[in-house]
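# Close look at the chain arrangement
Given next are the chains, with one letter for each unit.
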There are 2 protein chains.
Amino acid sequence: SQSGSFGCASFYQLKQEGLGISKFANIGNNIDVSFVDVLDFFNDDTNTKIIGIYMETVKYGKALFNKLSHVVPKKPVVILKGGRTSIGMKAASSHTGSLASNYQILKAAITQTGAILCENASNFITALKTFSILPIPQGENIGVLTNSGGSSVLFSDKLEEYNLSLASFSEELKEEMRQFLIPLVKLVNPLDMIGGAAEKQYYNITKLMLKDESLDIVVACVVIPPFLEMNSDEHYRGIIRAWNDTGREKPLIPLVFFGDYFENLNTLAKKGKAPIYYTPNEAAYATKILIERAKSLSKNKEESAL
Amino acid sequence: SQSGSFGCASFYQLKQEGLGISKFANIGNNIDVSFVDVLDFFNDDTNTKIIGIYMETVKYGKALFNKLSHVVPKKPVVILKGGRTSIGMKAASSHTGSLASNYQILKAAITQTGAILCENASNFITALKTFSILPIPQGENIGVLTNSGGSSVLFSDKLEEYNLSLASFSEELKEEMRQFLIPLVKLVNPLDMIGGAAEKQYYNITKLMLKDESLDIVVACVVIPPFLEMNSDEHYRGIIRAWNDTGREKPLIPLVFFGDYFENLNTLAKKGKAPIYYTPNEAAYATKILIERAKSLSKNKEESAL
């Protein structure tokens, strides 16, 4: 990081998410120790699984991008750039006295290396959390189940902004799912199981989707219903039980819309080292970067094979 | 709302923010009761201060936009549109069976009325919270103080994305501020008071900025330092004390970066009906919509005067 306080703020948020930090390096204005040195160190450090960088200025650009290309296949690198705009740059310069750089050029160069460049601080945390907990998908076929319109609609909107789309369910999957659903439910993706869906439906449908070979990522949306005498955590329990029963092999994105109101959910997730996302944007961002990383790894594999 | 579950999820989040809801109307696919009817009702309802709408489909477009133009000068109207993209629309249609509409056209029409159109669910909540707590500014001159680089840099970046900029401090303000700051501090906007700034500096500088005639909005950024034996809430207490001592006349945006880790802060804010924002994006969005509303109100005033 080039900002001690940014690192500090991230600590608070990561701790809240139940994530650990192995080491934090604050290099200020970059005058003696550079990001290249720090990347070298973290690349070899066996206690570091994921590398997060808050960057304001770029020094030794070519060396940095080479180093990133070298590190990324081994460990995910997540970068947030402060000072993207002229007033942001002015703010950065009044603090560390160093000049920020042209963002569009930087963006192209970083994306080329396969590192994840985040657009804001919330996405930065989401990325670290996602790579800490979830496996990388084998492809980009996304299946969605939900008990509510709003959550899956807003998730789908954001997904399309990222140029991603939803898979079509295979006939076999539809047949298998039918037994657990009321006849009113249309067997399309997103699968809207309607408000009555409880632990059992969430468990069975999530499990079927996770086991289905034509799907690579499963997104389970929930709005906790205030009626029908349901427990506030039963949908989530069903989802995670399905993930555990399938060996946690595929990435699972539980979107419990504004569910951070319910403390028991966050505690459950932390204890079980299980994923949980609270807004459609956060869930869509996690989906996007998992697919980005899958692509960058397979591209790298192809290149190594040449 | 056209989604019962969206309303329900919003309840959870608003409750967490300490905000109340007077009434909730869920109109599903719009077949009998329309948004026009509901707006009429809420416009006259004295218990309703702000109107929030989750919309998937638009019916009676012209009547709706006329109604909005009529209501907005009296009460802020905040709108989130689900089904902005083709897959989002598909998701919406599988739930309510109604077709969503072209987003860009809708956006232009809504903006014209002065209503606030949000891009995502988090911004929707931020907008409701902001209009509940803060007064509307008299202009768009923004002053920023901070104890940390990262938070104000990221805030400034987002501000510029919204085509907003920071004011220049007047010579008088600089002179007055100098007495409370260490010589290392550069008297520029954002004012970086560096990590040692505590309750006293936050109180005095926030107060000077709030009282300064050349500033209309004050943004006070904090990263709670883990050192110097400071209390986790002292910066925030200083900021709010200054706001109270100046009669809460100007909008104040306290950005406590990822400070939701500290429960005492949220409790303090709720109890005192005081503003608090936890990410640079959220703070920048609040700033943006306050200025948007100020402009729409003054435009309306001019038109009425003709």
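Rules of the game
- Residues numbered from 1 in each chain as written.
- Chains lettered and ligands numbered in written order.
- Predicted model: local features only at pLDDT ≥ 70, side-chain atom pairs only at ≥ 80, totals over all residues.
- Heavy atoms only, no water.
- Phe/Tyr/Trp six-rings, centres within 6.5 Å; stacked < 30°, edge-to-face > 60°.
- Helix = DSSP H or I, 4+ residues; strand = E, 2+ residues; numbered from the N terminus.
- Buried < 20%, exposed > 50% of the residue type's maximum accessible area, 1.4 Å probe, protein only.
- Lys NZ or Arg CZ within 6 Å of the ring centre and 35° of its normal.
- Least-squares fit on C-alpha atoms with pLDDT ≥ 70 in both.
- Contact = heavy atoms within 4.5 Å.
- Buried area = accessible area lost by both parts, 1.4 Å probe.
- Salt bridge = Lys/Arg side-chain N within 4 Å of Asp/Glu carboxyl O.
- Polar contact = N/O pair within 3.5 Å; in protein donor to acceptor, adjacent residues only side chain to side chain.
- Nonpolar A, V, L, I, M, F, W, Y, C, P; charged D, E, K, R; others polar.
- Pairing = 2+ DSSP bridges.
- Axes fitted to C-alpha atoms, helices over the stretch in contact; angles between N-to-C directions.
- Domains from an automatic or database assignment.
- Parallel < 35°, antiparallel > 145°, perpendicular 65-115°, else oblique.
- Left-handed = near helix turned anticlockwise from the far one by under 90°.
- Right-handed = clockwise from strand over helix to strand, strands pointing away.

For the rest of this paragraph, the subject is the packing of aromatic side chains. Across all of its chains, the model carries 18 aromatic pairs over all chains by this definition. Seen from their ring centres, Phe6(A) and Phe257(B) are 5.8 Å apart, and the 50 degrees between their planes marks the pair as tilted. Taken as a pair, Phe6(A) in helix H1 (residues 4-16) and Phe257(B) in the loop between strand S7 (252-256) and helix H11 (263-271) lie in two separate chains rather than in one. This pair shows no difference in class: Phe6(A) is buried, exactly as Phe257(B) is. An aromatic cluster is defined as three or more aromatic residues linked by ring pairs; in this entry it consists of Phe6(A), Tyr54(A), Phe124(A), Phe257(B) and Phe258(B). Positioned above the aromatic ring of Tyr162(A), the side-chain terminus of Lys288(A) is 5.2 Å from the ring centre.

For the rest of this paragraph, the subject is the relation of the copies chain A and chain B. In screw terms, the move from chain A to chain B is a rotation of 180 degrees and a rise of 0.0 Å along the axis, fitting with an RMSD of 0.0 Å. This pairing of chains is accounted for by a two-fold axis. A share of 100% of the interface residues of chain A reappears at the interface of chain B, consistent with the copies meeting face to face through the same patch.

With that out of the way, let us pick up the interface of chain A and chain B. When the parts of a complex come together, some accessible area is lost, and that lost area is often taken as the interface size. Between chain A and chain B, the contact holds 61 residues from the first and 61 residues from the second. Overall, the association of chain A and chain B removes approximately 4800 Å² of surface from exposure, summing both partners, and the carbon and sulfur fraction of that is 61%. Among the residues of chain A in contact with chain B, Tyr12(A), Phe258(A) and Tyr261(A) are the three that bury the most area, contributing 15% of the side total. At the boundary of chain A with chain B, the tally comes to two salt bridges. In this structure, Glu161(A) engages Arg84(B) in a salt bridge whose closest nitrogen and oxygen atoms are separated by 3.0 Å. At the boundary of chain A and chain B, one finds 14 residue pairs in polar contact (both at pLDDT 80 or more). Looking at the side of chain A that touches chain B, the elements with two or more residues in it are H1, strand S2 (77-81), helix H4 (86-96), helix H6 (121-133) and helix H7 (149-161) of chain A. The dominant element in the side of chain A that touches chain B, judged by the number of residues it contributes, is H7(A), at 10 residues. Of the residues in the side of chain A that touches chain B, the class split is 26 nonpolar, 24 polar and 11 charged.

What follows is about the sheet that holds strand S1 (residues 51-55) of chain B. Residue and element names in this part refer to chain B. Reading across the sheet, the three strands line up as S1-S2-S3 and stay open at both edges, with parallel pairing between neighbours. The open sheet has two free edges, formed respectively by S1 and strand S3 (116-118), since each of these has just one partner strand. Between one strand and the next, the sheet's axes are offset by a mean angle of 25 degrees, whatever the strand orientation.

Here Ser10(A) lies in helix H1. C-alpha of Ser10(A) to C-alpha of Ile125(A): the two residues are 115 residues apart in sequence and 7.4 Å apart in space. When near neighbours in sequence (up to four residues on either side) are disregarded, Ser10(A) contacts Phe124(A), Ile125(A) and Phe258(B).

Turning our attention to the sheet that holds strand S4 (residues 142-146) of chain A. Sheet strands pair via backbone hydrogen bonds, and the direction of the pair is either parallel or antiparallel. Residues and elements named next belong to chain A. Ordered in space as S5-S4-S6-S7, the four strands form an open sheet in which the pairing is parallel. Across the chains shown, the open sheet's two edge strands, defined by having one partner strand only, are strand S5 (191-192) and strand S7 (252-256). Here S4 pairs with strand S6 (residues 217-222) via four bridges, running parallel. Bridged to Val 144 within S6 is Val 219. Where H7 meets the sheet, it contacts S4, S5, S6 and S7, and its direction lies at approximately 160 degrees from that of S4. The strands that helix H10 (residues 234-245) touches are S6 and S7; relative to S7, the one it contacts most, it runs at about 180 degrees.

All names here are of chain A. Each assigned domain of chain A is listed here: domain 1 (4-131) and domain 2 (142-298). The distance between the C-alpha centroids of domain 1 and domain 2 comes to 30 Å. Between domain 1 and domain 2, the contact holds 19 residues from the first and 13 residues from the second. Of the roughly 1300 Å² buried between domain 1 and domain 2, counting both surfaces, carbon and sulfur atoms make up 56%. Our count for the domain 1 to domain 2 interface comes out at one salt bridge. Between Lys 129 and Glu 282 there is a salt bridge; the shortest N-O distance is 3.1 Å. At the boundary of domain 1 with domain 2, the tally comes to six residue pairs in polar contact (both at pLDDT 80 or more). Looking at the side of domain 1 that touches domain 2, the elements that each hand over two or more residues are H1, strand S3 (116-118) and H6. If you tally residues by element for the side of domain 1 that touches domain 2, the top one is H6, at six residues. When its residues are assigned to classes, the side of domain 1 that touches domain 2 shows eight nonpolar, six polar and five charged.

With that out of the way, let us pick up the packing of helix H2 (residues 35-44) of chain B against helix H3 (residues 61-71) of chain B. All names here are of chain B. In contact at an axis separation of 9 Å, H2 and H3 are set at 15 degrees when each is read in the N-to-C sense. Here H2 lies roughly parallel to H3, going by the angle between them. The handedness of the crossing between H2 and H3 is left-handed. Contacts from Phe 35, Val 36, Leu 39, Asp 40 and Asn 43 of H2 reach H3 at Ala 63, Leu 64, Lys 67, Leu 68, His 70 and Val 71. Class assignment of the residues belonging to the contact of H2 with H3 gives a composition of seven nonpolar, two polar and two charged.

The element strand S1 (residues 51-55) of chain A is extensively covered by neighbouring structure, given that four of its five residues are classed as buried. As a crossover connection, the stretch from S1(A) through helix H3 (residues 61-71) of chain A into S2(A) is right-handed.

On to the packing of helix H8 (residues 171-178) of chain A against helix H9 (residues 199-211) of chain A. Residues and elements named next belong to chain A. The contact between H8 and H9 brings their axes to 10 Å, and the two run at 160 degrees. In terms of orientation, H8 lies roughly antiparallel with respect to H9. Seen along the crossing, H8 lies across H9 with a hand that is right-handed. Counted together, Leu 173, Glu 176 and Met 177 of H8 and Ile 205, Leu 208 and Met 209 of H9 form the full contact between these two elements. Taken together, the residues that form the contact of H8 with H9 break down as five nonpolar, no polar and one charged.

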